[in-house]
Amino acid sequence: MGFSWILLLASLVTSTTSSKTREWAHHGSAMFADLTPQEMNGVRDYLYSCSELGLTSARDKSLKKNSILLMELHVPRKHEALRALDRGQAKPSRQARVVVQFGNQAVPNVTEYVVGPLPFPSSYQVKTFKRDRSIRFESRPISTVEYEHLNGVLEKVAAKANKILQESTGFTYGNCTNRCLTFSDIAPRGLAPGERRTWIMLQKFVEGYFIHPVGFEVLVNHKDLDHEKWMVEKVWYNGQYFDSVEELVEKYEKGTINKLKLPEHDEEDLFSTYIPRGRMNTRTDVHGAKLVEPQGRRFQVDRNFVEYAGWSFAYRVRSSAGLQIFDLRFNGERIAYEISLQEAIAFYSGDTPAAMQTKYIDAGWAMGTSDYELSPGIDCPEIAHFVDLYHYYDTDKPVRYRNALCIFEMTTALPLRRHFNSNFQGGYNFYGGLENHVLVIRTTSTVYNYDYIWDFVFYQNGVMESRVSATGYIHATFFTENGLNYGTRVYNYVLGNLHTHLIHYKVDLDIAGRDNSFETIDLKYVNFSNPWSPGHTIVQSKLHRKQHETERNAAFRFGKKFPKYLHFYNPNQNNKWGHKKGYRIQYNSHANSVLPRGWREENGISWSRYPLAVTRHKDNEVTSSSIYTQNDPWEPVVSFEEFIRNNENIVNQDLVAWVTVGFLHIPHSEDIPNTATPGNAVGFFLRPFNFFDEDPSLASRSTVIVRPDEKGLPKIQRWTPEVVGHCVSNKPFYYNGTYTGV
């Protein structure tokens, strides 16, 4: 009787603890929720009331102004957040991070502030960077107003060069009707800190204009805050450089240069459009397969708190960089405190000045704000839960992005696990299988021409996958013969330029607690005498473990041998079998470095040197990049290399894994009109490695077991409804299991 009471008491304690854990996770999730429109408006109104800041509208046509560029959540420090998440204590006050451009002063600068408490702010303080680095005004992201003034420069160029453009391309800039030119601007904007010089490439303004370059590029110096003083420093036309538009016009009129004449524009040539063409033998009078929820939804979403199949987490979409999840737990036990997108880059090569200058660093374009509406049935299944997002970037009021994030459960059409146990006599002993259902949280970033699809995927067996799929238009430039060294011809006069995509993630792991260690596991051959056959030897693989004790020792360079198993574990917690509870990171990537170490722009992306670097958690190492890196990669405000330079001990510490994935893309004709997602998805898995005592998906009731009864007929054991549902099948599950000759 006493033992029974002990078991009952233990059960009640476990149940109560589990309930509290869930309650605290739900309670704390609001700390990570993005700013609401009401909070954004409150912060704006408060800062506008602070006369010492002298703020005016972001859309004021002057560049000599003080205005808000960006507003987003300021995430609390980790130890403050954990008091709410792990003890149920009061949440820290919500605060906003606000980026202000001070152009209306003797020495213009950009300053970041932390403003709070929300929703009724009453104070602000300067947010600093490591070594108290200041933010150069020239490093600020480009604004809508600045684009309008750049357009004005191009109109002045066109007033002098439209005759050339008309004769060369059949299109003109500015003064046009249906045959107009548009432009793409290239970054970084210069060759050294403090510059703001941008190469601008003209394109036909037609559907899919990204792949319609016309062989005309100009270099505009727009550093001065008086846009009337902006000037064109270089012109590139049909493979030739000129110091001014006037020089081009003069030499063109004299006939002393190689003139360009594009083929007559064909309105019926659909190469850059989505309009179907060609033949396919698939029926068009019926829809393809679709996802359904035959008995209803199996996941729960409460604002930014999500629960599914043992998983729980909070999410947000950071305006500057994109999707993040916090407080990731499985069965109430935290796996990671934060998993978040940090940066995405695409570094190009080419023969035209625009191509050779293109090194896109996408946080500098506020890629988190380019999460436009997702279409049901294409971007996400029709059954998905869609969420509106709000951003405050280069605006005077919050902007709503409808259905910009989706959450859904899907089947992978592959078993999570299965086994057919043959009796080798034409029958079977048993069959067992489990459907592989996963939960997906998804958003996108359309950063100009490219579309990135960001997924976090949660499996029933404690595995989490982070994946990015690339699609959209290639970045194309005007074709030259030398350009074939840097890409592929994809149209009469169009070159698809080679480039490398790299994506950087922060993975703040808390495996069974904050105190974790890191080891790598490889294999080594061993050679020893055969104990059961004297005179022979055995050669086989043996586990070789290496403990990494310092940050520098745990920073793995591209081009060097990369360990097979990357194991993060809690040295103080064992599973049932005596193994340290752990998770490992498994890569799906074929990334490589994009520039030699220390070469100019590479300083701004020093994280790209490492497929993996492991550091100790620090509150002042929140992000590996910034919105300023794009326009000042030479002396970046945030330098990732400094995170590992002090080479701290990482044994039994709060660890952060910084993960780089990516791929080389050499464009090809099948990239027209768009790059397709198959083969262009990379990422990583977080996989339990002795964290559990057995596969936790055993808790799933979607398992089916079939055994033959005494008469040899199938006896089916299942824990879900026998009939899936009429929208899928109105027939009950059936299994035979025999195999015989015919």
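If you're wondering where the values come from, they're calculated on a predicted model, not measured in any experiment.

## Topic: the domain arrangement of the protein chain
Part 1 of the reasoning: Looking at the protein chain, the domain boundaries give domain 1 (12-127), domain 2 (144-254) and domain 3 (299-699).
Part 2 of the reasoning: Here the C-alpha centre of domain 3 lies 38 Å away from the C-alpha centre of domain 2.
Part 3 of the reasoning: With 30 residues of domain 2 at the contact, the number on the domain 3 side is 30 residues.
Part 4 of the reasoning: Summed over both sides, the interface between domain 2 and domain 3 buries roughly 2,600 Å², with carbon and sulfur atoms accounting for 63% of that surface.
Part 5 of the reasoning: Contact with domain 3 buries area across many residues of domain 2, yet Pro188, Phe210 and Ile211 alone supply 26% of it, more than any other trio.
Part 6 of the reasoning: Inspection of the region where domain 2 meets domain 3 yields 0 salt bridges.
Part 7 of the reasoning: Inspection of the domain 2/domain 3 interface yields 10 residue pairs in polar contact (both at pLDDT 80 or more).

## Some words on the pairing of strand S37 (residues 714-718)
Part 1 of the reasoning: The sheet contact formed by strand S36 (residues 703-708) and S37 spans 5 bridges and is antiparallel. Within S37, the residue paired with Val704 across the bridge is Arg718.
Part 2 of the reasoning: Where S36 folds back onto S37 in an antiparallel hairpin, the turn is made up of 5 residues, including Gly712, whose phi is positive at roughly 85°.

## Considerations on the side chain of Arg329
Part 1 of the reasoning: Mapped onto the secondary structure, Arg329 falls in strand S14 (residues 322-330).
Part 2 of the reasoning: Arg329 sits in the buried class, given a relative accessible area of 3%.
Part 3 of the reasoning: A polar side-chain atom of Arg329 sits 3.1 Å from the main-chain carbonyl oxygen of Leu85.
Part 4 of the reasoning: Ignoring any residue separated from it by four or fewer positions in sequence, one finds Arg329 in contact with Thr21, Ala25, Leu85, Asp86, Gly310, Trp311, Ser312, Arg334 and Ile335.

## So, the pairing of strand S7 (residues 197-204)
Part 1 of the reasoning: The buried fraction of S7 amounts to 8 of the 8 residues, a majority that puts the element mostly inside the structure.
Part 2 of the reasoning: Because side chains alternate across S7, one face comprises the buried residues Arg197, Trp199, Met201 and Gln203, and the other comprises Thr198, Ile200, Leu202 and Lys204, equally buried.
Part 3 of the reasoning: Pairing of strand S6 (residues 181-185) with S7, which is carried by 5 bridges, proceeds in the antiparallel orientation. Looking at S7, one finds that Ser184 is bridged to Met201.

## Details of the state of the cysteines
Part 1 of the reasoning: Enumeration over the complete set of coordinates arrives at 2 disulfides.
Part 2 of the reasoning: With a sulfur-sulfur separation of 2.1 Å, Cys176 is cross-linked through a disulfide to Cys180. The chirality of the disulfide connecting Cys176 with Cys180 is right-handed, given an S-S dihedral of about 110°.
Part 3 of the reasoning: Disulfide partner of Cys380: Cys406, at an S-S distance of 2.1 Å. In this structure, the disulfide formed by Cys380 and Cys406 twists by about -80° around the S-S bond and is classed as left-handed. On the criterion of sequence distance, the pair formed by Cys380 in the loop between strand S16 (359-361) and strand S17 (385-393) and Cys406 in strand S18 (residues 399-411) is long-range, its members being 26 residues apart. Cys406 shares its class with Cys380; the two are buried.

## Quick look at unusual backbone geometry
Part 1 of the reasoning: Put simply, Gly116 and Pro117 share a cis peptide bond, and its omega is -10°.
Part 2 of the reasoning: Here Pro117 lies in the loop between strand S3 (109-116) and strand S4 (123-127).
Part 3 of the reasoning: Residue Pro673 follows Ile672 across a cis peptide bond; omega there is 5°.
Part 4 of the reasoning: A positive phi angle, close to 50°, is found at Asp132, a residue other than glycine.
Part 5 of the reasoning: Inspection of the secondary structure assignment puts Asp132 in the loop between S4 and strand S5 (135-136).
Part 6 of the reasoning: Unlike most non-glycine residues, Asn238 shows phi in positive territory, near 50°.
Part 7 of the reasoning: Inspection of the secondary structure assignment puts Asn238 in the loop between strand S9 (231-237) and strand S10 (240-242).

## Topic: the sheet that holds S36
Part 1 of the reasoning: Spatial strand order, S19-S20-S36-S37: 4 strands in an open sheet with antiparallel pairing. In the strand order of this sheet, the two ends are held by strand S19 (417-422) and S37, each with one partner. Across the sheet, the mean angle separating the axes of adjacent strands is 10° when strand polarity is ignored.
Part 2 of the reasoning: Pairing of strand S20 (residues 428-434) with S36 involves 4 bridges; the strand directions are antiparallel. Of the residues in S36, the one forming a bridge with Gly433 is Val704.

## Structural notes on the UniProt feature "active site" (unreviewed entry) in the protein chain
Part 1 of the reasoning: This chain's UniProt record puts "active site" (unreviewed entry) on Asp362 and Tyr450. Their sequence span is 89 residues, while the largest C-alpha to C-alpha distance among them is just 10.5 Å; these annotated residues converge on one region.
Part 2 of the reasoning: Among the structural elements, Asp362 can be located in the loop between S16 and S17.
Part 3 of the reasoning: Aside from chain neighbours lying at most four places away, what touches Asp362 is Glu343, Ala344, Met367, Val447 and Tyr452.
Part 4 of the reasoning: For Tyr450, the position within the fold is in strand S22 (residues 450-459).

## Description of a nonpolar patch on the surface
Part 1 of the reasoning: On the surface, Val292, Val724 and Val728 cluster together into a nonpolar patch covering about 200 Å² of accessible area.
Part 2 of the reasoning: Among the secondary structure elements, Val724 is positioned in the segment after S37.

## Quick look at the UniProt feature "domain: Copper amine oxidase N3-terminal" (unreviewed entry) in the protein chain
Part 1 of the reasoning: As annotated by UniProt and renumbered to match this structure, "domain: Copper amine oxidase N3-terminal" (unreviewed entry) occupies residues 140-239.
Part 2 of the reasoning: Within residues 140-239, the helical portion is 26% and the strand portion 29%, while the C-alpha atoms at the span's ends are 31 Å from each other.

## Some remarks on the pattern of salt bridges
Part 1 of the reasoning: Evaluated as defined, the whole model comprises 54 salt bridges.
Part 2 of the reasoning: Residue Glu307 pairs with Arg22 through a salt bridge whose shortest N-O separation is 2.7 Å. Of this pair, Glu307 sits in strand S12 (residues 305-308) while Arg22 is found in helix H1 (residues 2-29), placing the two residues 285 residues apart along the sequence.
Part 3 of the reasoning: The class of Glu307 is buried, set by a relative accessible area of 17%.
Part 4 of the reasoning: With relative accessibility at 39%, the residue Arg22 sits in the partly exposed group.

## Some remarks on the nonpolar core
Part 1 of the reasoning: Of all hydrophobic cores here, the largest spans 146 residues; its most connected members are Phe216, Ile339, Phe458 and Tyr505.
Part 2 of the reasoning: Judged by nonpolar contacts, the second largest core, of 19 residues, contains Met40, Leu73, Tyr113 and Leu118.

## Regarding the side chain of Asp185
Part 1 of the reasoning: As for its placement among the helices and strands, Asp185 is situated in strand S6.
Part 2 of the reasoning: You can call Asp185 buried: its relative accessible area is 6%.
Part 3 of the reasoning: In terms of polar contacts, Asp185 uses its side chain to reach the side chain of Arg189, at 2.8 Å.
Part 4 of the reasoning: Once residues lying within four places of it in the same chain are set aside, the contact partners of Asp185 are Ile142, Tyr147, Thr198, Trp199, Ile200, Tyr360 and Trp365.

## Points about the sheet that holds strand S24 (residues 476-478)
Part 1 of the reasoning: On the basis of which strands lie adjacent, the open sheet formed by 3 strands has the order S24-S26-S25 and antiparallel pairing. Looking at the sheet topology across the chains shown, the edges are occupied by S24 and strand S25 (487-491). The average angle at which neighbouring strand axes cross in this sheet is 40°, direction not considered.

Rules behind the numbers
Residues numbered from 1 in each chain as written. Predicted model: local features only at pLDDT ≥ 70, side-chain atom pairs only at ≥ 80, totals over all residues. Heavy atoms only, no water. Domains from an automatic or database assignment. Contact = heavy atoms within 4.5 Å. Buried area = accessible area lost by both parts, 1.4 Å probe. Salt bridge = Lys/Arg side-chain N within 4 Å of Asp/Glu carboxyl O. Polar contact = N/O pair within 3.5 Å; in protein donor to acceptor, adjacent residues only side chain to side chain. Pairing = 2+ DSSP bridges. Helix = DSSP H or I, 4+ residues; strand = E, 2+ residues; numbered from the N terminus. Buried < 20%, exposed > 50% of the residue type's maximum accessible area, 1.4 Å probe, protein only. Disulfide = S-S within 2.5 Å. Axes fitted to C-alpha atoms, helices over the stretch in contact; angles between N-to-C directions. UniProt positions renumbered as here; feature names shortened; annotations may be inferred. Patch = residues over 30% accessible without salt bridge, like charges linked within 9 Å, V, L, I, M, F, W, Y side chains within 5 Å. Areas by Shrake-Rupley, 256 points an atom, 1.4 Å probe, with all protein chains shown as cover. Core = buried A, V, L, I, M, F, W, Y, C linked by side-chain atoms within 4.5 Å.

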